[in-house]
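Okay, here's what each chain looks like letter by letter:
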Amino acid sequence: MEQVPTPFGHTPYGKVWLVGAGPGDPDLLTLRAARLIMQAKVIVHDGLVDPAILALASPKARLISVAKSRSRHTLQQDEINALLVSEALAGRDVVRLKGGDPFIFGRGGEEAEACRAAGVAVEVVPGISAAIGAAAAAQMPLTHRRSASIVSFVAGQCKGLTEQDWTGLAGKGRTLVIYMGLATADAIAEKLMADGLAPDVPVAVVENATRPEMRVLRSPLAGLGQLVSRHKVKSPALIVIGEVAAQPADAPLAALALEAIQ
């Protein structure tokens, strides 16, 4: 793997690549991401990275899982930052492999800052974000001339959710995509309706986007929490809110909407 020369003309340290693994399907990796994964000696990866992508790594590569969940973290973020820095300072090149894109709810910015602060060379390799991959796989355009000219991404699993100002992010002509929103689906629906969004606004939940087991579930906004619990939706999943959530045109929104509010 290439190294970046230091100002002194030599390379005592390794380098860190923050690599986007995309939404799941290995075929959606960029060529650069696939090449780096195959060449890497150390891969620090998230729990949502598909096993088929990790299978591209060399048998000699050291794979380190830093999987996170809502209630359990293998390592805290500061510890992950320190791990990347320590590996690089020890002279090892590191691929930090993240689901989706490193800079969209991937904490890639924090890791890049930690590397730069320690004098470690860092490069970002973008990936297809979960939202873009899910929309494509479900044939659900996030923007459409007839229904949406604005799209917003928000994180639904944040402290102080009720205090966040989402005014204007959803509504006519807009699409709202919520990452990490399963555990707070009820609160999200209540928040948006309290802000004036109609209870019958179309909602789609895309689970395991781009993977063979992908599911697309639909309901009106008022039934979002019930939809998630009734169908036992699990991460990774995205919530799409707006008129485009009823796409494609033959999507069974009406039937699922009735079921969701019964």
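Attention here is on the structure that accompanies the text. (Residues numbered from 1 in each chain as written. Predicted model: local features only at pLDDT ≥ 70, side-chain atom pairs only at ≥ 80, totals over all residues. Heavy atoms only, no water.)

Spatially, β3-β2-β4-β1-β5 is the arrangement adopted by the five strands of the open sheet, whose pairing is parallel. Edge positions in the open sheet fall to β3 (62-65) and β5 (121-125), since each of these has one partner strand only. Between one strand axis and the next, the sheet turns by 20 degrees as a mean value, whatever way the strands run. Both strand β2 (residues 42-45) and strand β4 (residues 94-98) contribute to a ladder of four bridges, which runs parallel. Looking at β4, one finds that Ile 43 is bridged to Val 95. Helix α4 (residues 108-117) rests against β1 (15-20), β4 and β5 of the sheet, and its axis sits at about 170 degrees to β1. (Pairing = 2+ DSSP bridges. Helix = DSSP H or I, 4+ residues; strand = E, 2+ residues; numbered from the N terminus. Axes fitted to C-alpha atoms, helices over the stretch in contact; angles between N-to-C directions. Contact = heavy atoms within 4.5 Å.)

Judged by side-chain charge, Asp 78, Glu 79, Glu 110 and Glu 113 come together as a negatively charged surface patch. Residue assignment for the negative patch shows that the elements contributing at least two residues are α3 (77-89) and α4. Position of Glu 79 relative to the elements: it lies in helix α3. Classification of Glu 79 by relative accessible area gives partly exposed; the value is 42%. (Patch = residues over 30% accessible without salt bridge, like charges linked within 9 Å, V, L, I, M, F, W, Y side chains within 5 Å. Areas by Shrake-Rupley, 256 points an atom, 1.4 Å probe, with all protein chains shown as cover. Salt bridge = Lys/Arg side-chain N within 4 Å of Asp/Glu carboxyl O. Lys, Arg positive; Asp, Glu negative; His and termini not counted. Charge placed at Lys NZ, Arg CZ, Asp CG, Glu CD. Buried < 20%, exposed > 50% of the residue type's maximum accessible area, 1.4 Å probe, protein only.)

With an omega dihedral of 5 degrees, the bond running from Ser 235 to Pro 236 counts as a cis peptide bond. Note on placement: Pro 236 falls in the loop between α7 (224-230) and β10 (237-241). With a phi angle near 55 degrees, Asn 208 is a residue other than glycine that sits in the positive phi range. Checked against the element boundaries, Asn 208 lands in the loop between β8 (202-207) and β9 (215-220).

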